[in-house]
Amino acid sequence: MTTRHESEIEYVTATVGGQLFGAPIARVLDVFAPTRLTRVPLAPPEVAGVLNLRGRIMTAICMRRRLGLPPRENEEKCMALGIERDGEAYGLLVDSVGEVLKLPFADRDAVPVNLQPSWARVATGVHRLEGRILVVLDVDRCLERRSESLAA
Amino acid sequence: MIGRAMNDLLQDFLTEAHESLDVVDVELVRFEQEPNNADLLGRIFRLVHTIKGTCGFLGLPRLEALTHAAETLMGKFRDGMPVTQDAVSLILAVIDRIKEILAELERSQSEPGGDDDDLIRELESTASDASGAGKNVGTLVYQVLERPLRPGEVPLDELERAFREAPGPSPAEEERRANTERRDDERREAAHRAPTLRVHVETLERLMTMVSELVLTRNQLLEIMRRSDNPELNAPFQRLSNITGELQEGVMKTRMQPIGNAWAKLPRIVRDLSAELGKKIELVMQGEDTELDRQLLEFVKDPLTHMVRNSADHGIEPPDERRAAGKPEAGTIRLSAFHEGGHVIIEISDDGRGLDAPRIRARAVRLGLVSESDAVKLSDAQTFRFIFTPGFTTATEVTSVSGRGVGMDVVKSNIDQIGGTIDIKSATGQGTSLRIKIPLTLAIVSALIVEAAGDRFAIPQIAVVELVNVNGDGEHKVERINDATVLRLREQLLPVVHLNALLKLPAPVNVDDEHFVVVMQVGSRRFGIAVDQVLHTEEIVVKPISTMLRGITVFSGNTILGDGSVIMILDPNGVAGALGVNSESSAPHEAVAERAASEESDSLVSLLVFRAGSSEPKAVPISLVTRIEEIDARRIELSNGRHVVQYRDSLMPLLPINASVEVRSEGMQPLLVFIDKERSMGLVVDEILDIVKDELEIKVGSRTPGVLGSAIINGRATEIIDVAHYLPLAFEDWLHRAEIGDETLTRRLLLVDDSSFFRNMLAPVLKAAGYEVKAVGSGVEALTVLERDLRFDFVICDIEMPGMDGFELAERLRADPRTEHLPLIALSSHHSPAMVERGHEAGFGKFVAKFDRDGLLSILKERQVSWARAA
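Residues numbered from 1 in each chain as written. Chains lettered and ligands numbered in written order. Predicted model: local features only at pLDDT ≥ 70, side-chain atom pairs only at ≥ 80, totals over all residues.

## A word on the overall build of chain B
Quick note on the threshold: A run of H or I in DSSP counts as a helix once it spans at least four residues, and a run of E counts as a strand once it spans at least two, with each numbered from the N terminus. Here exposure depends only on C-beta density: within 10 Å of a residue's C-beta, 20 or more other C-beta atoms make it buried, 12 or fewer make it exposed, and intermediate numbers make it partly exposed, the C-beta atoms being placed from the backbone. By the convention adopted here, residues make contact when the C-beta atoms placed from their backbones lie within 7 Å.
On a plain count of helices and strands, chain B comes out with 28 helices and 35 strands. Counting every position in chain B, which comprises 871 residues, the buried fraction comes to 38%. Of all intrachain contacts in chain B linking residues separated by at least 6 positions in sequence, the fraction that spans at least 24 positions is 64%.

Below is the structure:
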């Protein structure tokens, strides 16, 4: 990779509970509206279920539950970011997906120290945008068991 | 320094050398027993020679010197030197050393330093001793060390030449080389072996994944086709479907390996063990060609080795003890493998002292696994399962072989991991037998799709024993003891848990509503899982669950159904664990049930119950049914006035089971598919009802064609269908069916046939004709049975069997004064006058064609008349 690439990062933006998040575009393989989610009994609370995306089984993580937010009013109407880790497919369920933003790396600020631990866990930094703040998501951390990451 | 081509060559050499050495191991042990077998020696010699040649070429002096010395000694054998156990042990020691060097070579890419003078010296002296010229050992050592490794001594085979002539081997040359090499080295085998090609396992794995995806996509398309109505799509979809099926089968086949591969090391191990333990042990292996998925093979390899070791160490007694017990001095360990209803069965049995139930019980109490008062209530079958507990050993002293407390628990966990089951049977003084049942492949399994709280789940068929319909006022009721639910089923009490409760799903609104109990068996433990509905069975492609979900032990994977939705697969072992039925201490009532189950397990038959035509249930032994299918009725075609369907790349005839069953023209048509070798046939039924395990005792014979008679199954009068009746209807070349005799003299028959299909076909017919039948799969088994129990009136025996054939069995029976008068009837698929002649010489009174049940029954009847006269 060259420095030219590193100087700017493209984010897929999404909102969860009114907050704007950004996931590095390199990690987002898909953006889709999840259908036919199968719930998994005995699963950790943040696992919303499993679903079939073009023949592949994906584990769906509810970002609201991951962040300790109240459940979505309309469970049906949500979007998902498809990501992969160690050959396994995961979908992060968010309220909505917005545009792709290209932001200079240098503008990225550290995570504020007073951010709630459950939020700080999954954030790698913040960007100050006009009128609002974008929280940069660490997608791998989103896949850690919530109880594990709290204990850590 | 080593170039790429050289590196590849070294890699090839290592792979081939490992394979060759495994063969040499086995062949040497055989050779020791058959020292006059020149073919065998020739084969061993050639393999060692090839290794030597390649070593010389690759510049591996240590290996070359070692193989050369071994080859020289084997040359002496060929020239007539007597084959001694010491000499064979020496060569085996050389093989071990070669393996050590190869391992180091593989690790470091170069031959390790050091020398093998010790072994070479011994080899040389053994070789010269035999030649009789009392040469000085010292001179020989000198000779060996002094002699330069002359490359000219190594005959340059095609491999070397091809390599020298070309800068690097091109694929075409590789191929040619492989062929010519084989011609040179294994001329005999080459005659009946097609050219082969090495393919990396990863490539096959990837292919398998892709095929699984294709199967899923096909299933999804099928679902869409069902909903839409576009006849234009039918033909291409049909074709796609067929090709997918073929491809799936083809790729599965490439992953299949004969189980003999996992057994290759066993003869050597048993040989070494018998020497070490001072016992005489014969290892009999049957069904080496039985194939299973290579992934599974890896899982069973170590457990098998361990169990054989256990048998040799704990099972087989020392010769003097055996003699005192009136047994032959040499003990026998039998390994056999065969396919049964989509599973592979592996049996390891010995004729040793058997498991010591009281001792195991005492040990279990000492380890705190069970209380003293509970222990006495345990059946033997339950007690035996303690040996699967980690750290459990009853061996009083730790030998180098076993008794270290590692083992059977590992065996069990390996078998568990691949969704298999393991059962033990043992009788004091008579031996122990372990039976392992594993799926043919891990990737695609047959599963029961059930529903609980509106969600669907898959239960692997391998663990399902039967389905029980439970309704408020029916015969089967779920009862309550405080909070625990139990099901009364044929004098047994089964613990039952509702799937909703197990999975912490919302409880059903009305628990007394009609629902089903899936009776599952894990090891010897049975339990019931109550579900709201049983939907259907489906071949599912098992996908691993993600790391996030891996902690949930009740699921073994997930899968995509034909309609595109994802469902979770229940893990029978995990479910048993969650229920606590795995803990070896159990309630007394369960112990009683267990005992009852183990006592009658021999006479229990798994039956498929279905409805066809009338409301009266019908049943057929499930071991006869190859598959239960539901096909789209639109796929059924009419050809020559007969119903046929394209099934697994051929046309399968469909037969309604009786005149009142109509072949459907729309919707789904349930079928019972029977496959025997090349032929397949589908029996059209109305509805599949149940799978039950029950005693198959035909109470009333029948004169209706296609019906063997009626039996009480699950408390209801059920017609038992005679599959053999339909086979000739579907194929003219199957012989015609006989009327069943209605004599009810209880005579005991021993039926010996290696084909489970025929055993299963003949046994019910003979039972229906009033005989008591014991069916066994081989001559050796027949002898074992007769050893214990002589009360048979007839032995009916197949002629063509692997291992001990019918003639040999007959000769053995004739040679033994206890069995010489036993009437023998030969079954044969074709019999020439010469064969009949040989049969009479061997002691067969009668010859009957395999499908001629008329003939068989009339011969039996004749004999009975003569008995009646004699009486």
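Having seen the structure, we can now continue with the description.
## A short note on the overall build of chain A
Across its full length, chain A holds 5 helices and 10 strands. Put simply, chain A has 152 residues, and 32% of those count as buried. Across chain A, contacts joining residues at least 24 apart in sequence account for 55% of those joining residues at least 6 apart.

## Quick look at the pairing of strand S9 (residues 123-128) of chain A
Regular strands place their side chains on alternate faces of the sheet. Residues and elements named next belong to chain A. In plain terms, the rule: Paired strands are those between which DSSP finds at least two bridges.
In the sheet, S9 pairs with strand S10 (residues 133-137) via 5 bridges, with the strands oriented antiparallel. From the neighbouring strand, Ala 123 faces S10, where its bridge partner is Leu 137. A loop of 4 residues connects S9 with S10, the two strands running antiparallel in sequence, and Gly 131 in this loop sits at a positive phi of about 85°.

## With respect to the nonpolar core
As a reminder of what qualifies: Residues of type Ala, Val, Leu, Ile, Met, Phe, Trp, Tyr and Cys that are buried and joined through C-beta atoms within 7 Å form what is called a nonpolar core.
Counting residues in each nonpolar core, the largest one holds 161 residues, and the members touching the most others are Ile 61, Leu 92 and Leu 93 of chain A together with Ile 459 and Val 518 of chain B. With 6 residues, strand S14 (residues 515-522) of chain B is the single largest residue contributor to this core. Listed in part, the 40 residues of the second largest apolar core include Trp 263, Ile 281, Val 370 and Ile 438 of chain B.

## Observations regarding the packing of helix H13 (residues 266-277) of chain B against helix H14 (residues 294-315) of chain B
All names here are of chain B. Quick reminder of the rule: The convention used is that axes are lines fitted to C-alpha atoms, helices contributing only their stretch in contact, and that angles between N-to-C directions extend from 0 to 180 degrees. Working rule for angles: under 35 degrees goes down as roughly parallel, over 145 as roughly antiparallel, 65 to 115 as roughly perpendicular, anything else as oblique. What makes a crossing left-handed is the near helix being turned counterclockwise from the far one by less than a right angle; a clockwise turn instead makes it right-handed. Classification convention: Asp, Glu, Lys, Arg as charged; Ala, Val, Leu, Ile, Met, Phe, Trp, Tyr, Cys, Pro as nonpolar; all other residues, Gly among them, as polar.
Axis separation between H13 and H14 bottoms out at 10 Å; the angle between their running directions is 25°. Judged by the inter-axis angle, H13 sits roughly parallel to H14. The way H13 lies across H14 gives a crossing that is right-handed. On H14, the residues that touch Leu 266, Ile 269, Val 270, Leu 273, Ser 274 and Leu 277 of H13 are Thr 305, Val 308, Arg 309, Ala 312 and Asp 313. For the contact of H13 with H14, a count of residues per class yields 7 nonpolar, 2 polar and 2 charged.

## What about the interface of chain A and chain B?
Contacts between the two partners involve 19 residues from chain A, matched on the other side by 21 residues from chain B. Tallying contributions element by element places strand S4 (residues 47-53) of chain A first for the side of chain A that touches chain B, with 4 residues. Looking at the side of chain A that touches chain B residue by residue, the classes come out as 11 nonpolar, 4 polar and 4 charged.

## Quick look at the sheet that holds strand S5 (residues 56-62) of chain A
All names here are of chain A. Strands sit in the order S3-S6-S7-S5-S4 across an open sheet of 5 strands; the sheet is mixed. In this open sheet, the two strands that pair with only one neighbour each are strand S3 (30-32) and S4. Neighbour-to-neighbour, the strand axes of this sheet turn through a mean angle of 30°, independent of strand direction. Both S5 and strand S7 (residues 88-94) contribute to a ladder of 5 bridges, which runs parallel. Note that in S7 the partner of Thr 59 across the bridge is Tyr 90.

## A look at the packing of helix H2 (residues 38-58) of chain B against helix H3 (residues 61-78) of chain B
Residue and element names in this part refer to chain B. Where H2 meets H3, the axes come as close as 9 Å, and the angle between the chain directions of the two elements is 155°. Overall, the two elements H2 and H3 adopt an arrangement that is roughly antiparallel. Considering only the axes of H2 and H3, their crossing is left-handed. Taken together, the residues of H3 that come into contact with H2 (itself represented by Leu 41, Ile 44, Phe 45, Val 48, His 49, Ile 51, Lys 52, Cys 55 and Gly 56) are Leu 63, Glu 64, Thr 67, His 68, Ala 70, Glu 71, Met 74, Phe 77 and Arg 78. Class assignment for the residues of the contact of H2 with H3 results in 10 nonpolar, 4 polar and 4 charged.

## Description of the environment of Lys 543 of chain B
Relative to the elements of secondary structure, Lys 543 of chain B occurs in the loop between strand S16 (533-541) and strand S17 (555-560). Since 19 C-beta atoms lie within 10 Å of it, Lys 543 of chain B is described here as partly exposed. Sequence spacing of Lys 543 of chain B and Ile 560 of chain B is 17 residues, and the spatial spacing of their C-alpha atoms is 8.5 Å. Other than its neighbours up to four places away in sequence, Lys 543 of chain B contacts Ile 57 of chain A together with Gly 557, Asn 558 and Thr 559 of chain B.

## Examining the pairing of S7 of chain A
All names here are of chain A. Burial analysis of S7 places 5 of its 7 residues in the buried class, which makes it a mostly covered element. Of the pairings in the sheet, the one linking strand S6 (residues 79-85) to S7 comprises 7 bridges and is antiparallel in character. Note on S7: the bridge partner recorded for Ala 80 is Leu 93. Hairpin connection, S6 to S7: the antiparallel pair is bridged by 2 residues, and Asp 86 has positive phi, about 50°.

## Considering the sheet that holds strand S15 (residues 525-531) of chain B
Residues and elements named next belong to chain B. Strands sit in the order S10-S14-S15-S13-S12-S11 across an open sheet of 6 strands; the sheet is mixed. Pairing within the sheet leaves two strands with one partner each, and these edge strands are strand S10 (464-470) and strand S11 (478-481). Averaged over all adjacent pairs, the angle separating strand axes in this sheet is 35°, with direction ignored. Sheet topology places S14 next to S15; 7 bridges connect them, and they run antiparallel. Residue pairing in the sheet places Gln 521 in a bridge with Arg 526 of S15.

## Considering helix H26 (residues 806-815) of chain B
Residues and elements named next belong to chain B. To be explicit about the condition: The directions considered for the arc are those from the helix axis to the C-beta atoms.
Within the sequence span of H26, burial applies to Gly 806, Phe 807, Leu 809, Ala 810 and Leu 813. Each buried residue of H26 lies within a common arc of 160° when the element is viewed along its axis, so the set occupies one face. For H26, the secondary structure elements touched by its buried residues are strand S31 (747-752), helix H25 (779-788), strand S33 (794-798), strand S34 (824-828) and helix H27 (833-842).

## Notes on the environment of Thr 819 of chain B
For Thr 819 of chain B, the location among the structural elements is in the loop between H26 and S34. Beyond its immediate stretch of four places on either side in the chain, Thr 819 of chain B contacts Leu 786 and Leu 813 of chain B.

## Topic: unusual backbone geometry
All names here are of chain A. The phi angle at Arg 36 is positive, at roughly 45°, despite the residue not being glycine. Residue placement: Arg 36 occurs in the loop between S3 and S4. Look at Arg 36 and you get exposed, because 12 C-beta atoms sit within 10 Å. Of note in this structure, Leu 42 is not a glycine but carries a positive phi near 70°. Tracing the chain through its elements places Leu 42 in the loop between S3 and S4.

## Structural notes on H13 of chain B
Short version of the rule: In this scheme, a helix's expected span is set at 1.5 Å multiplied by one less than its residue total.
Its 12 residues place the ends of H13 of chain B 16 Å apart at the C-alpha level, agreeing with the 16 Å of an ideal helix rising 1.5 Å per residue. At the C-terminal side of H13 of chain B, Gly 278 of chain B shows a positive phi close to 65°.

## So, the environment of Glu 340 of chain B
Residues and elements named next belong to chain B. For Glu 340, the position within the fold is in strand S4 (residues 331-340). Since 12 C-beta atoms lie within 10 Å of it, Glu 340 is described here as exposed. Sequence separation between Glu 340 and Leu 624 is 284 residues; the distance between their C-alpha atoms is 9.2 Å.

## So, the confidence of the model for chain A
Interpretation of this model should avoid reading the predicted coordinates in detail wherever pLDDT is low. Stated precisely, the cut-off is as follows: Scored from 0 to 100, pLDDT records how confident the predictor is in each individual residue.
Per-residue confidence for chain A gives a mean pLDDT of 86; residues scoring 70 or more make up 89%. Low pLDDT (under 50) marks residues 148-152 of chain A, which in the prediction has 5 contacts with non-local residues, meaning those over four places away or in another chain.

## Side note on the confidence of the model for chain B
All names here are of chain B. Residues with a pLDDT of 70 or more make up 79% of chain B, whose mean pLDDT is 75. Confidence over residues 132-192 falls short of pLDDT 50; this stretch has 47 contacts with residues more than four positions distant or in other chains. Note on residues 396-406: pLDDT is under 50 here. Beyond four places in sequence and across chains, it has 19 contacts. Interface scoring of the predicted complex returns ipTM 0.88; its pTM is 0.46.

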